[in-house]
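Examination of the molecular architecture
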Amino acid sequence: MKNFKLKAMLLLVVLLCSGTAAFADTTVWQGDIQYGLRDDLTAYVSDANSGIKTANIPEKITYEKKDYTVTSIGRYAFRQCSNLASVVIPSSVTGIGEYAFCLCSNLASVVIPSSVTGIGGYAFSGCSSLASVVIPNSVKSIGDCAFSDCRSLASVVIPSSVTSIGGYAFYGCSSLFAYHYKKDGTATLLKAGSETAEISGKDTYNIPEKVTHDGAEYTVTSIGDFAFDGCRSLASVVIPSSVTRIGSYAFSGCSSLASVVIPSSVTSIRFDAFYGCSSLASVVIPSSVTSIGNRAFYGCSSLASVVIPSSVTSIGDGTFDNCTGLVSVDIPSSVTSIGSGAFYGCSSLASVDIPSSVTSIGSDAFYGCSSLASVVIPNSVTSIGEGTFSYCI
């Protein structure tokens, strides 16, 4: 009897740990689509025939004389269905799962019903034929990379109901120019793609202070993550005084960007904001800025001088990494820490004055600053990382 009980317990542990089909939802194929069936008489799309060309998902399916309501499109459901050209999603669906239509390269049309409240990460990533999408005002969240690399996407309206947009959500959407309009009357410049009429072939862009949508006026307060990423022809940009935030990678890869005026309204420059802007010769950071993200000016090889305002208390990791043309930098007495690799590879930097407010200097902070002839480290510094002044010949 003891051996029987022990074997039974071991079998239960194995089943619980392995997630075997003993407790799994029933699955059933109807045409080219597979559905998972739940005990509460709801269903979800779980898989599809890789050769499927059109998908008309019904609101209900019947199995063994029971009706199941389709409430979601599951994770990976149509992933890499490269022949799928169109899909109809019923109004019973409330969620589109992660990777649901990822790499459906022929998908040109999709209607998202007003029942949907969330679009999962990578849901439409790599749908290179998708030209437009209307996101209903029922949607509250858009996941990471949800529409990344949708290179034909030229039109998308983000309703004010959306309160969360994941990282890289519209990364690589080079044909898209879009704002995110919010309930508080503000707007974020979400994406200004390099192939759009507003940017393509132009060397200057003036970001407007106000934009109009559906008869309402919105104030532009933020430049979104990756907004101008890869706009290689853009030489100058004017940021209005309404903007308070410059997002991560906002101007990354803008290799012709030589001039940018950051207004005194900006309080935050996010990480990698000007990453690889190799033509950027000078930048004035206003005293309103309190934080500069890691690698914010990484690889700005033409940047010769920079003045950091007294509002900044720390210089992040890699902030000026590989700014090979940087000759001088003014570090204010408000700064208490200099991050790892902050001035890594700044081979033209001849001198630097570290104020007595600084208590720590990170590893490799001045690594490879081969022109650095003198530096005074104040008594306030209690921590100096490894390789801080390596190859400063």
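Residues numbered from 1 in each chain as written. Predicted model: local features only at pLDDT ≥ 70, side-chain atom pairs only at ≥ 80, totals over all residues. Heavy atoms only, no water.

1. So, the nonpolar core
Nonpolar side chains in soluble globular proteins tend to end up buried together. Membership of the largest hydrophobic core comes to 65 residues, with the highest contact counts inside it found for Phe228, Phe251, Phe274, Ile338 and Phe343. Counting residues per element, the ones that place at least two in this core are strand S15 (177-181), strand S16 (186-192) and strand S19 (216-223). Filtering out sequence-adjacent residues up to four positions away, phenylalanine 343 remains in contact with Ile315, Phe320, Leu326, Val329, Ile331, Ile338, Leu349, Ala365, Phe366, Tyr367 and Cys369. (Core = buried A, V, L, I, M, F, W, Y, C linked by side-chain atoms within 4.5 Å. Buried < 20%, exposed > 50% of the residue type's maximum accessible area, 1.4 Å probe, protein only. Helix = DSSP H or I, 4+ residues; strand = E, 2+ residues; numbered from the N terminus. Contact = heavy atoms within 4.5 Å.)

2. Some words on the pairing of S15
Two faces make up the sheet, and in a regular strand the side chains alternate between them. Counting buried residues along S15, 5 of its 5 residues qualify, which places the element largely inside the surrounding structure. The two faces of S15 match: Phe177, Tyr179 and Tyr181 on one face and Ala178 and His180 on the other face are all buried. Pairing between S15 and S16: 5 bridges, direction antiparallel. Note on S16: the bridge partner recorded for phenylalanine 177 is alanine 192. Hairpin connection, S15 to S16: the antiparallel pair is bridged by 4 residues, and glycine 185 has positive phi, about 85°. (Pairing = 2+ DSSP bridges.)

3. Focus: the sheet that holds strand S22 (residues 259-261)
One open sheet accounts for 3 strands, arranged S17-S20-S22; its pairing is parallel. In this open sheet, the two edge strands, each paired with only one partner strand, are strand S17 (204-206) and S22. With direction set aside, neighbouring strand axes in the sheet form an average angle of 10°. (Axes fitted to C-alpha atoms, helices over the stretch in contact; angles between N-to-C directions.)

4. Some words on the pairing of strand S6 (residues 66-73)
Judged from the 4 bridges that link them, strand S3 (residues 42-48) and S6 form a sheet pairing that is parallel. Each bridged residue has a counterpart across the sheet, and for alanine 43 the counterpart in S6 is valine 70. Where strand S5 (residues 60-63) meets S6, 4 bridges bridge the pair, whose relative direction is antiparallel. Looking at S6, one finds that lysine 60 is bridged to threonine 69. Linking two consecutive strands that pair antiparallel, namely S5 and S6, is a turn of 2 residues; a positive phi of about 50° is found at glutamate 64 within it. Two strands pair when backbone bridges link them, and S6 and strand S8 (residues 95-96) are joined in this way by 2 bridges, in the parallel orientation.

5. Thoughts on the packing of aromatic side chains
All chains considered together, the criterion is met by 28 aromatic pairs. Seen from their ring centres, tyrosine 99 and tyrosine 122 are 4.8 Å apart, and the 5° between their planes marks the pair as stacked. One end of the pair, tyrosine 99, is in the loop between S8 and strand S9 (109-111); the other, tyrosine 122, is in the loop between strand S10 (118-119) and strand S11 (132-134), and 23 residues separate them in sequence. Classification of tyrosine 122 as partly exposed rests on a relative accessible area of 31%. With a centroid separation of 5.4 Å and an interplanar angle of 10°, the aromatic rings of phenylalanine 320 and phenylalanine 343 are classed as stacked. One end of the pair, phenylalanine 320, is in the loop between strand S27 (314-315) and strand S28 (328-330); the other, phenylalanine 343, is in the loop between strand S29 (337-338) and strand S30 (351-353), and 23 residues separate them in sequence. We note that phenylalanine 320, like phenylalanine 343, is buried. (Phe/Tyr/Trp six-rings, centres within 6.5 Å; stacked < 30°, edge-to-face > 60°.)

6. So, unusual backbone geometry
Across residues other than glycine, the phi torsion is negative in most instances, and most of the peptide bonds are trans. Even without glycine at this site, glutamate 64 takes up a positive phi of about 50°. Here glutamate 64 lies in the loop between S5 and S6. What makes glutamate 64 exposed here is its relative accessible area of 62%. Not every positive phi belongs to a glycine, and glutamine 80 is a case in point at roughly 60°. The residue glutamine 80 is located in the loop between S6 and strand S7 (86-88) in this model. Owing to a relative accessible area of 46%, glutamine 80 belongs among the partly exposed residues under this scheme.

7. Things to note about the side chain of serine 334
Assignment of secondary structure puts serine 334 in the loop between S28 and S29. For serine 334, a relative accessible area of 19% translates into the label buried. Among the polar contacts listed, one links the side chain of serine 334 to the backbone oxygen of serine 310, at a separation of 2.7 Å. In this structure the side chain of serine 334 is engaged in a polar contact, spanning 2.6 Å, whose partner is the backbone oxygen of valine 312. (Polar contact = N/O pair within 3.5 Å; in protein donor to acceptor, adjacent residues only side chain to side chain.)

8. With respect to the environment of alanine 77
Mapping alanine 77 onto the fold places it in the loop between S6 and S7. Taking relative accessible area as the criterion, alanine 77 reaches 2% and is therefore assigned buried. In contact with alanine 77, not counting residues within four places along its chain, are Val45, Ser46, Asp47, Ala48 and Ala100.

So far we have only geometry, and geometry alone does not tell us how the molecule works.
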